[in-house]
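# Breakdown of the fold
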Amino acid sequence: MEQTPNLKLPYIMAAQAQKHVTHNEAIRALDAIVQLGTLDRDLSAPPASPVEGDRYIVAAGASGAWSGHDGSIAAWQDGVWMLHAPVPGWIAWVADEDALVAFDGTAWVSAGAGSINPAPLVGVNATADATNRLSVASPATLFNHDGGDHRLKINKAAAGNTASMLYQTGFSGRAETGLTGDDDYHFKVSPDGSTWFEALLVDKDSGYVSFPSGSYARKPLTASTAFYVRTDGSDGNDGSANTAGSAFLTIQKALDVVGGLDLGIYFATIYVNDGTYTITSALVYRGYQGGQVILRALNEPSTSPEFITLTGTKATDEAAVRAAHKVVVQASSAINLLYADPAGAIGQVRNIAFIQTGAHTNGVINNFSGSATSPTKCTFFGGGTNVVSDARWAISNCLFAHATGAGLNGLAAASVFCSATVFAHATGTQLQIFDLTQISMFGGKVIAAAAASGTNIDRGAGTYFSGVSFEGGVNGLFVSMSDVQLIGCTFSGASARCLYLGNAGRAYINGGSIASGATLIFATQRSAIRIAAAPTGGPTYSPALGVVGNNESYINT
């Protein structure tokens, strides 16, 4: 072997003549490559006027005296260029770049990356440890681009791990952002580093933003959606399917979930499976745009509520209602079963029986402040129903029975539309319409016991009845300070008067009949009745037709 393995220095051979030449050659090589500092690494041709001892890293495409020595160390010594091929691991200082470079076997690269990759711990003006393997103490930290983009990446092993930025005061956490425990994006805050509040959550699948700590942002629907409730479900489910493992257990949970949505132009339908659902507080929908929420029985009953046979006995009639419905919502305490508050109302309720068991003073349903609800094929048993404060109800094929007080109480400019609906056996007035409330009723019945009132229309209410049957009661229909139109309506069984107008009430009658009981049509206190076609059944009139009497009241044809 004639050279050293690493620096390639020549050996002095045994019995060699002029040993000093070989020795000096090795000394010159050491002078060139030990403590290696070069002037430049961008030149591919030798400079015109080198100075003794100048060293360069030859750039690619070498020419002239450097030709064929790309990447080598060129040293100007004794008037000639000495060229030394580097081996991996050589380190050189490049003066014009003020940089340290290393030879990796192919090219000269930054010695900073090469010398600490990998490094187990790095501390910059601080002490790193096994957890904080990079530790920096500095007024600021700069991560700059290298001619284009720059991305700071935090990677975790699995979805259940955490990749986050934690902000601290005195090394106690105060805020955290990132993927904390799943792949959704979380924003959390803490007053003490132990108790955390999640302020904002971004869903990874949709980009929807929610506010778990309580806010009003709502996830928008992109299509009409169904939710399911079952007696064997769980409120820990998502309600997405009609199975025990997916359906909700309670109706209120389904209403709460729908209330958290922005329905937009779509419908959210809550399907309730067969069974009895006992509640301890009123069902309330607290979302927006309540007209697009439907609460309904999954399976329709075979008998519509208005065709349920009533006996007038509460217990017997309740049994008949339960038998006719596949879904029953009930409560034994004195509460409303369904409540429409100012925030919104369920748009449609269908095929459900709402039953108050025992004695109640609270209405089955309360509707307030502009709420709009449309019950269809439902039964409301007990307590009564209030529709007040500009609320709007559209009632179709329903039964209101055995209310404590009024069966339906319309107050304060409410609006009620009824078709094929029965009001029966309330302890008070079956149908009570006051205070500028408007009601239009097509078909159906108003059934009152002899001691109770049938229908009271008072204080500016406007009323239209077509094909309605008024049965029983002290007065079948009482009107005061209001207008009423009666088209093809029938009266039977009133113990006092079938139609009673008092205190400036006005009525328009076109056809119909009075079948039995009191046959008196009575007007008093400046009221007026206009008869376009007299009801059949030979009714008597007071005052007589065309005669002013009873405090300036008047009945004419």
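See the structure shown above.
The text that follows walks through the structure, step by step, so that each part is easy to find.

Cut-offs used in this document
- Residues numbered from 1 in each chain as written.
- Predicted model: local features only at pLDDT ≥ 70, side-chain atom pairs only at ≥ 80, totals over all residues.
- Heavy atoms only, no water.
- Core = buried A, V, L, I, M, F, W, Y, C linked by side-chain atoms within 4.5 Å.
- Buried < 20%, exposed > 50% of the residue type's maximum accessible area, 1.4 Å probe, protein only.
- Helix = DSSP H or I, 4+ residues; strand = E, 2+ residues; numbered from the N terminus.
- Phe/Tyr/Trp six-rings, centres within 6.5 Å; stacked < 30°, edge-to-face > 60°.
- Lys NZ or Arg CZ within 6 Å of the ring centre and 35° of its normal.

A separate point is the nonpolar core. Here is a general trend for soluble globular proteins: nonpolar side chains tend to be buried in one another's company. One finds Phe354, Phe465, Leu477, Leu486 and Ile529 to be the most contacted residues of the largest nonpolar core, which totals 74 residues. Here this core takes four residues from helix 3 (residues 251-259), the largest share from any one element. Grouped together as the second largest cluster of nonpolar side chains are 12 residues, Ala324, Val328, Leu399 and Val422 included.

What follows covers the packing of aromatic side chains. The tally for this structure, following the rule as stated, stands at 19 aromatic pairs. Aromatic side chains Phe103 and Trp108 sit 5.4 Å apart centroid to centroid with 55° between the ring planes, which places their arrangement in the tilted category. Of the two residues, Phe103 and Trp108, neither departs from the other in class, the shared state being buried. Taking 5.2 Å as the distance between ring centres and 70° as the angle between the ring planes, the aromatic pair formed by Tyr500 and Phe522 counts as edge-to-face. Taken as a pair, Tyr500 in strand 44 (residues 497-502) and Phe522 in strand 47 (residues 520-523) lie far apart in primary sequence, 22 residues in all. Of the aromatic side chains, those joined through ring pairs into one cluster are Phe354, Phe380, Trp393, Phe400 and Phe423. The ring centre of Phe434 lies 4.3 Å from the NZ or CZ of Arg459, which sits over that ring. Against the face of Phe522 rests Arg497, its NZ or CZ located 4.3 Å from the ring centre.

Let's shift gears to unusual backbone geometry. A cis amide bond links Ser542 with the next residue in sequence, Pro543, at an omega value of 0°. Although it is not a glycine, Leu436 adopts a positive phi angle of roughly 65°. Its place among the elements puts Leu436 in the loop between strand 35 (431-433) and strand 36 (438-442). Positive phi outside glycine occurs at Asn551, with the angle close to 60°. Here Asn551 is to be found in the loop between strand 50 (548-549) and strand 51 (553-556).

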